[in-house]
Amino acid sequence: MRVLLCPDKFAGTLPAQEVAAAVAEGWREVADGDDLLIRPLADGGPGFVAVLAEALGGRRVPVPTVDPLGRPTDGEILVTDDGTAYLESAQACGLHLLAAAERDPKATTSYGLGALVTAAVEHGARTVVIGLGGSGTNDGGAGLLTALGVTPLDEAGRALPYGGAALAAVAGLDGAPRLRGVTLVAATDVDNPLLGLHGASNVYGPQKGATREDVLLLDAALERFAGVLEKDLPGCPPGLGALPGGGAAGGLGAAILALGGRCASGIGLVTEAIGLPAALDAADLVITGEGSFDHQSLRGKVVAGVAGAARDRGVPCVVLAGQVSTGRREAASAGVTDAYSLVEHFGGEERGGLDAALSRPAEGLRQLGARLARQWSR
Ligand SMILES: Nc1ncnc2c1ncn2[C@@H]1O[C@H](COP(=O)(O)OP(=O)(O)O)[C@@H](O)[C@H]1O
Ligand SMILES: O=C(O)[C@H](O)COP(=O)(O)O
């Protein structure tokens, strides 16, 4: 039997490589003769550069940058032989860089991503592919634009402070982007637009620390910012607030569109790069997974991409997750044959299953791998 193991990371507990390794170990304890193909995945979020570096080769260049609160942090860019640079917004904007009490998308900034983009430009990249996802920012990419030389100004012509909330006072822009003609591609993990009910602030603001009131304020501030970008940034597409992917990573998608870039599906780009279609063609079973299999999963993340591709080929697809809150019918229509959660595996939330899932994820995944082998291998 040929089993394809292609999970995403379990954010906060295990990188994708370790998820796959744990499941494989459990499977082999039961069915050692099976052919296991291990292909860790990423959408545009954390792990994007590491997964692509493994698949594409190229040079990983360390780049010092700053986190969403302006503190020094380490980033890197991947430069491949064909003149493309890959970078990951979460290295500078990541929610994981903030302690729980620091999460406040009114104040956090995407400024640090500018250092990564600038490094890619300075390395002579012709195309810069920016993975979006897992961010703790909701500033519509205002910080990124500032770092690239385009400063948002208030009515009096003063530079605005960082953060999403300050954009409520934006009235104009100063400067032009220092991009030397590179093509920007946003590799997005979600297809949400910048604004409105399905927009960045409403859907992803709360997980970044926004209260209900903050969400309303941020959505209005981003609406004003989008109007200014359309008016003052040459080449910015009209209707910026409604374009798919614009709401990824707190509106970084929209900033990249405003800079003349385009949005592409992060998981689509990664699956192509690592040759996943051929691996799927040859598989009898696909196992994927992520930390939380929930309603967000089906908006363009790894699990949705893998399950859809498996369904198209008639290959069964099992999801392993820390927690599962997607309904059976919804999961089935996305191509998911079965979904298992670590929390349930460890006895359910009432019986301490969540603590066990969070503290012993590899052990749980190994056991689930063995259970799947007993069920599926013959
Ligand atoms: N080992 C685990 N057990 C239970 N829940 C987990 C585990 N690891 C991660 N999670 C949950 O998954 C969430 C992250 O979701 P995930 O799907 O990995 O990333 P994202 O949605 O950011 O792409 C975490 O906030 C946590 O609630
Ligand atoms: O806002 C973001 O960073 C994402 O596009 C959606 O968030 P998530 O990847 O952390 O779920």
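It should be emphasised that the depicted structure is a prediction, and the values quoted were computed from it without experimental measurement.

Peer 1: Just checking my understanding: could you explain the site of ligand 1 for this structure?
Peer 2: Around ligand 1, a shell composed of 14 residues is seen, among which Ala11, Thr13, Glu290, Gly291 and Ala357 lie nearest. Contact between ligand 1 and glycine 291: an oxygen atom at 2.9 Å from a main-chain N or O atom of the residue. In the model, a nitrogen atom of ligand 1 is placed 3.0 Å from a nitrogen or oxygen of the glutamine 323 side chain. About the coverage of ligand 1: the protein hides 78% of its 570 Å² of free accessible area. Elements with a minimum of two residues in the shell around ligand 1: strand S11 (285–293), strand S12 (317–324) and helix H14 (353–359).

Peer 1: Explain the packing of helix H1 (residues 16–30) against helix H15 (residues 361–376) here, please?
Peer 2: The angle between the axes and the distance between the axes are what describe a pair of packed helices. Remark: H1 packs on H15, axes separated minimally by 7 Å, with the N-to-C direction vectors making an angle of 45°. One way to sum up the angle between H1 and H15 is to call them oblique. Of the two possible hands of crossing, H1 and H15 adopt the one that is right-handed. Across the interface between the two elements, Val19, Ala22, Val23, Glu25, Gly26, Trp27, Glu29 and Val30 of H1 pack against Ala362, Leu365, Arg366, Gly369, Ala370, Leu372, Ala373, Arg374 and Trp376 of H15. Partitioned by chemical class, the residues of the contact of H1 with H15 number eleven nonpolar, two polar and four charged.

Peer 1: Help me out: how do you make sense of the domain arrangement of the protein chain in this one?
Peer 2: You'll often see interface size given as the accessible area lost when the parts meet. What the domain assignment lists for the protein chain is domain 1 (2–39 + 275–376) and domain 2 (48–266). Facing five residues of domain 1, the contacting portion of domain 2 comprises eleven residues. Regarding the contact of domain 1 and domain 2, the summed buried area is about 660 Å², with carbon and sulfur atoms giving 36% of it. Ranking the residues of domain 1 by area buried against domain 2 places Gln17, Gln296 and Arg299 at the top, with a combined share of 75%. In this assembly, domain 1 and domain 2 are joined by one salt bridge. Lysine 301 is the partner of aspartate 189 in a salt bridge, and the nearest nitrogen-oxygen pair spans 3.7 Å. Inspection of the domain 1/domain 2 interface yields one residue pair in polar contact (both at pLDDT 80 or more). Class assignment for the residues of the side of domain 1 that touches domain 2 results in no nonpolar, three polar and two charged.

Conventions we followed
- Residues numbered from 1 in each chain as written.
- Chains lettered and ligands numbered in written order.
- Predicted model: local features only at pLDDT ≥ 70, side-chain atom pairs only at ≥ 80, totals over all residues.
- Heavy atoms only, no water.
- Near = heavy atom within 4 Å.
- Polar contact = N/O pair within 3.5 Å; in protein donor to acceptor, adjacent residues only side chain to side chain.
- Areas by Shrake-Rupley, 256 points an atom, 1.4 Å probe, with all protein chains shown as cover.
- Helix = DSSP H or I, 4+ residues; strand = E, 2+ residues; numbered from the N terminus.
- Axes fitted to C-alpha atoms, helices over the stretch in contact; angles between N-to-C directions.
- Parallel < 35°, antiparallel > 145°, perpendicular 65-115°, else oblique.
- Left-handed = near helix turned anticlockwise from the far one by under 90°.
- Contact = heavy atoms within 4.5 Å.
- Nonpolar A, V, L, I, M, F, W, Y, C, P; charged D, E, K, R; others polar.
- Domains from an automatic or database assignment.
- Buried area = accessible area lost by both parts, 1.4 Å probe.
- Salt bridge = Lys/Arg side-chain N within 4 Å of Asp/Glu carboxyl O.

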